[in-house]
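What follows is the residue order along each chain.
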Amino acid sequence: MTSPTEPFDQIREKISGYILSESSFRGESSFIVASASIVKCCSRLKNTLGFTYLADLTVVDYLTVKFPRYEVVYLLHRFGDSYEENLRIRLKVALEQDDPAIDSVTSVWSGANWLEREAYDMFGITFRGHPDPRRILMPDDYDHFPLRKDFDVRDRESSKRCFKRALDEGLE
Amino acid sequence: MGVSSGPLLGGDGFLTTKISAVANWGRKHSLWPMAFGTACCAIEMMGTFSSRFDIARFGAEAVRFSPRQADLMIVSGTITYKMASVCRRIYEQMPEPKWVIAMGSCTCGGGPFDSYAVVQGIDEFLPVDVYVGGCPPRPEALIDAVMKIQKKIENEGPPIV
Ligand code: SF4
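What counts, and where the lines are drawn
Within any chain, residue numbers begin from 1 and follow the written order of that chain's sequence. Chain A is the first chain written and ligand 1 is the first ligand written, with later ones labelled in order. Thresholds applied to this predicted model are a pLDDT of at least 70 for local features of residues and 80 or more for the giving and counting of side-chain atom pairs; totals over whole chains, interfaces and linings are not thresholded and use all residues. Hydrogen atoms and water are omitted, and side-chain values are computed over all heavy atoms in the structure. Every helix listed is a DSSP run of H or I at least four residues long, and every strand listed is a run of E at least two residues long, numbered separately from the N terminus. Think of it in three bands: residues with accessible area under 20% of the maximum for their type are buried, residues over 50% are exposed, and the middle band is partly exposed, with areas taken using a 1.4 Å probe on protein chains only. Any two residues having at least one pair of non-hydrogen atoms within 4.5 Å are treated as being in contact. Confidence scores per residue from the predictor, reported as pLDDT, run from 0 to 100. Simply put, the buried area is the total loss of 1.4 Å probe accessible area from both parts when two parts are fitted together. A pair is scored as a salt bridge if a Lys or Arg side-chain nitrogen falls within 4 Å of a carboxyl oxygen belonging to Asp or Glu. Polar contacts, as used here, are pairs of N or O atoms within 3.5 Å; protein pairs need one atom able to donate a hydrogen and one able to accept it. Residues neighboring in sequence count only if both atoms are side-chain atoms. The residue classification treats Ala, Val, Leu, Ile, Met, Phe, Trp, Tyr, Cys and Pro as nonpolar and Asp, Glu, Lys and Arg as charged. All others, Gly included, are polar. Whether a residue is near a molecule or strand depends on its heavy atoms: if one lies within 4 Å, it is near. Any residue with an atom within 4 Å of a point lines the site, the site being either a cavity, points on a 1 Å grid over the protein atoms alone where a 1.4 Å probe fits but cannot get out, or a pocket, an open set with protein on both sides within 12 Å along at least 5 of 7 lines. Grid points are joined across faces, edges and corners, and a volume is the space filled by probe spheres set on the points. Strand pairing requires that DSSP identify at least two bridges connecting the strands. Only the stretch in contact is used when fitting a helix axis, every axis being a line fitted to C-alpha atoms; angles between N-to-C directions are given from 0 to 180 degrees. A helix is expected to reach a length of 1.5 Å times the quantity of its residues less one. When we speak of the arc, we mean the arc of directions from the helix axis to the C-beta atoms.

**Here's the deal with the overall build of chain A**
Within chain A, the secondary structure is distributed over four helices and seven strands. Along the chain direction, N to C, the helices and strands of chain A fall in the order α-β-β-α-β-β-β-β-α-β-α. For chain A, buried positions account for 42% of its 172 residues. Contacts in chain A between residues far apart in sequence, at least 24 positions, make up 49% of those at least 6 positions apart.

Okay, structure coming up:
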């Protein structure tokens with residue numbers, strides 16, 4: 001195991017203004033970022049530090065395990081010329097239980113579009129400024145956010161209702 | 001069906017039968033499947049259609065991806081509620097007479113997916129003729145299902161709708 005590489009330290013330094021804290025697990029670091037500065041932090045990472053690829057954007061629901069309840073996770077990648085320059089970093093933003101909302105990063109990576117729609121669909125996180133804030137997997141008139149930990153995954157009532165509606169009116 | 005031949009007929013013979021028996025005999029040996037494959041079971045279905053298992057031996061090799069040219073729907077794979085309305089619509093687009101095989105545990109009863117999105121058995125919205133259990137079923141099992149459909153056609157003729 002090597003200690004955090006030098007490029008990593010440089011990145012930390014360049015975005016230190018946006019970082020609230022840093023956590024580490026098995027030699028991998030995550031930066032905790034304030035929700036208000038996520039877009040600025042991301043555009044900095046993309047435009048001056050070369051993180052051109054948003055590998056994934058997802059959400060964790062901690063329900064009662066941790067406070068605040070939600071954490072939006074951004075996995076960013078930089079394609080470098082050498083092994084050390086090829087970097088993957090993780091940003092985390094904590095969101096409150098009531099009306100969780102965060103600014104959309106679609107202005108930085110347009111690839112965030114579907115990822116944010118999925119995060120909305122499954123966890124009910126609102127992405128402010130998203131160009132197309134619809135559900136992506138579940139039917140448009142579905143009632144729940146099924147990956148929230150307080151949802152009963154065997155509850156099929158809403159799916160059945162959406163199915164009947166789709167049958168009755170034909171396919172959109 | 002009965003076959004007669006004799007010197008009185010100059011060596012030629014003739015058949016006595018019913019129109020429906022001839023029609024069903026034709027139907028049962030030329031089933032045209034509509035392959036509604038949505039998940040892993042579809043891979044096994046493709047294996048059944050191809051040369052090693054060769055469903056052509058049972059006259060059901062002309063797979064159509066247009067429901068209007070098919071009379072046997074093989075639903076193979078997990079069906080979600082969002083897919084279910086599509087599946088039902090495609091079934092309705094198939095001309096009569098038509099039959100349905102539910103291939104795999106998913107279509108029979110939800111399989112391993114006891115979840116909010118998955119239909120717990122396609123008989124919630126389709127009239128299934130033969131169920132094939134297994135996750136996925138072996139090609140032999142699908143061939144057996146086709147043979148059961150053939151038996152059913154021979155014995156009962158087209159379904160009454
Ligand atoms: S029954 Fe098993 S093999 Fe078939 S679609 Fe379901 S999970 Fe896949």
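Back to the text.
**What to know about the confidence of the model for chain B**
Averaged over chain B, the pLDDT score is 91; the fraction of residues at 70 or greater is 96%. Interface predicted TM-score (ipTM) for the complex: 0.80; the corresponding pTM is 0.84.

**With respect to the interface of chain A and chain B**
Listed per partner, the contact involves 20 residues of chain A and 15 residues of chain B. Together chain A and chain B conceal approximately 1,400 Å² of surface at their shared face, both sides included; 66% is due to carbon and sulfur atoms. One can count two salt bridges joining chain A with chain B. Our count for the chain A to chain B interface comes out at six residue pairs in polar contact (both at pLDDT 80 or more). The element that contributes the greatest number of residues to the side of chain A that touches chain B is helix 4 (residues 157-169) of chain A, accounting for five residues. Its residues assigned to classes, the side of chain A that touches chain B shows 14 nonpolar, two polar and four charged.

**What to know about the site of the ligand**
Residue and element names in this part refer to chain B. In the region of the ligand, the neighbouring residues are Ala39, Cys40, Cys41, Gly77, Thr78, Gly104, Ser105, Cys106, Phe113, Gly134, Cys135 and Pro136. When contributions to the shell around the ligand are tallied by element, the ones reaching two or more residues are helix 2 (40-49) and helix 4 (105-109). Here the shell around the ligand is built from residues that sort into seven nonpolar, five polar and no charged.

**What about the layout of surface pockets?**
Put simply, the second largest pocket is a space of about 330 Å³. When contributions to the lining of the second largest pocket are tallied by element, the ones reaching two or more residues are helix 4 of chain A together with helix 3 (81-93) of chain B. Ranked by residue count, the leading element in the lining of the second largest pocket is helix 4 of chain A, at five residues. Of the residues assigned to the lining of the second largest pocket, the class counts are eleven nonpolar, three polar and seven charged.

**Considerations on the sheet that holds strand 4 (residues 72-76) of chain B**
Residues and elements named next belong to chain B. As summarised here, the arrangement of the four strands in space is 3-4-5-6, forming an open sheet in which the pairing is parallel. Sheet topology places strand 3 (33-37) and strand 6 (130-132) at the edges, where each strand pairs with a single neighbour. Taken over all neighbouring pairs, the strand axes of this sheet differ in orientation by 15° on average, direction set aside. Where strand 5 (residues 99-103) and strand 6 come together, three bridges link them in parallel fashion. Bridged to Ala102 within strand 6 is Tyr131.

**Some words on helix 5 (residues 139-156) of chain B**
Residues and elements named next belong to chain B. Across its 18 residues, helix 5 extends 25 Å between first and last C-alpha, which sits within 8% of the 26 Å expected from 1.5 Å per residue. Among the residues making up helix 5, those that are buried are Pro139, Leu142, Ile143, Ala145, Val146, Ile149, Gln150 and Ile153. Down the axis of helix 5, the buried set is contained in an arc of 155°. They therefore lie on one face. Along helix 5, exposed side chains directed more than 90 degrees from the buried face belong to Lys151, Asn155 and Glu156. Close packing links the buried residues of helix 5 with helix 1 (19-28), helix 2, strand 4, strand 5 and strand 6. Positive backbone phi, approximately 75°, marks Gly157, located one or two places after helix 5.

**Thoughts on the sheet that holds strand 3 (residues 53-61) of chain A**
Residues and elements named next belong to chain A. With mixed pairing, the five strands of this open sheet are ordered in space as 1-2-5-4-3. Edge positions in the sheet fall to strand 1 (19-25) and strand 3, since each has one partner strand and no second. The mean inter-strand angle of the sheet, taken between neighbouring strand axes irrespective of direction, is 25°. Across the sheet, helix 1 (residues 6-14) touches strand 1, strand 2 (28-33), strand 4 (70-78) and strand 5 (87-95), and the angle it forms with strand 5 is around 35°.

**Focus on the pairing of strand 3 of chain B**
All names here are of chain B. In terms of burial, strand 3 is a largely internal element, four of the five residues being buried. Pairing of strand 3 with strand 4, which is carried by five bridges, proceeds in the parallel orientation. Bridging across to strand 4, Phe36 finds its partner in Val75.

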